[in-house]
Amino acid sequence: WVVLDVDGEVSIKNLTVFGKLSFDDKADRTLTADHIVVWGLLEIGTEQQPFGMTTGAIARVLLRGSVFDTETYVYIEEEELHNKVIAVAGRVETYGRPTVDTWLRLASSANSGASSACVLNASGPVDWPVGSEIAFAPTEFDDPAGDVERRTLSANASWDNVSSCWLLRWDSGLSHTHYS
């Protein structure tokens, strides 16, 4: 049984888990690899103790490289897989701090270049922590399959008394206008 308890990012080329690999949640943990093969158990938190529940820590598993890179392959039982793959022949179990609201509606349109916007939330305060990734879906009628814009929250949500909504702030301006 191996516990990932290294501060900062752990960057490796290939990871194969035969036994058990679990993440310690005393601090943020980031595991970066070209590909991961799990024959045993990859565990990030448990049902009884979700990752970051008491510490607020965040776990990240990042896959790097290009899916078009033909120099890196994973072979599993005569099957050929390219990189940027998590191949699971065993189990992957992830339990994190529950998020009450997984999506919210814009209170008003967010214009191109905006780095903040108000959202409506009838269930109570927005509990997304700083560093959370948020996504803006395309809202244009003529391009419903347009690109999703991803941003990282740079501050905790705050209540805007004037607009009666929750104000979110993120790391960089939007490339497109998103309509409410």
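Residues numbered from 1 in each chain as written. Predicted model: local features only at pLDDT ≥ 70, side-chain atom pairs only at ≥ 80, totals over all residues. Heavy atoms only, no water.

(A) Inspection of the sheet that holds strand β6 (residues 35-38) at higher detail. The strand order across the open sheet formed by 3 strands is β3-β6-β11, and the pairing between neighbours is parallel. Strands with a single pairing partner mark the edges of an open sheet, and in this sheet they are β3 (14-17) and β11 (85-88). Here the average twist between neighbouring strands, direction ignored, is 10 degrees. Across 4 bridges, β3 lies against β6 in parallel orientation. Across the sheet, the residue bridging to V17 is V38, located in β6. (Pairing = 2+ DSSP bridges. Helix = DSSP H or I, 4+ residues; strand = E, 2+ residues; numbered from the N terminus. Axes fitted to C-alpha atoms, helices over the stretch in contact; angles between N-to-C directions.)

(B) Representation of the side chain of D101. In this fold, D101 is placed in the loop between β12 (91-94) and β13 (105-106). A distance of 3.1 Å separates polar atoms of two side chains, one belonging to D101 and the other to N121. A polar contact of 2.7 Å, which involves the side chain of D101, links it to the side chain of S123. If sequence neighbours within four positions are ignored, D101 has contacts with N121, S123 and W128. (Polar contact = N/O pair within 3.5 Å; in protein donor to acceptor, adjacent residues only side chain to side chain. Contact = heavy atoms within 4.5 Å.)

(C) Examining unusual backbone geometry more closely. With a phi angle near 55 degrees, S164 is a residue other than glycine that sits in the positive phi range. In this fold, S164 is placed in the loop between β17 (158-160) and β18 (165-169). Relative accessible area serves as the criterion here: at 44%, S164 is assigned to the partly exposed category. (Buried < 20%, exposed > 50% of the residue type's maximum accessible area, 1.4 Å probe, protein only.)

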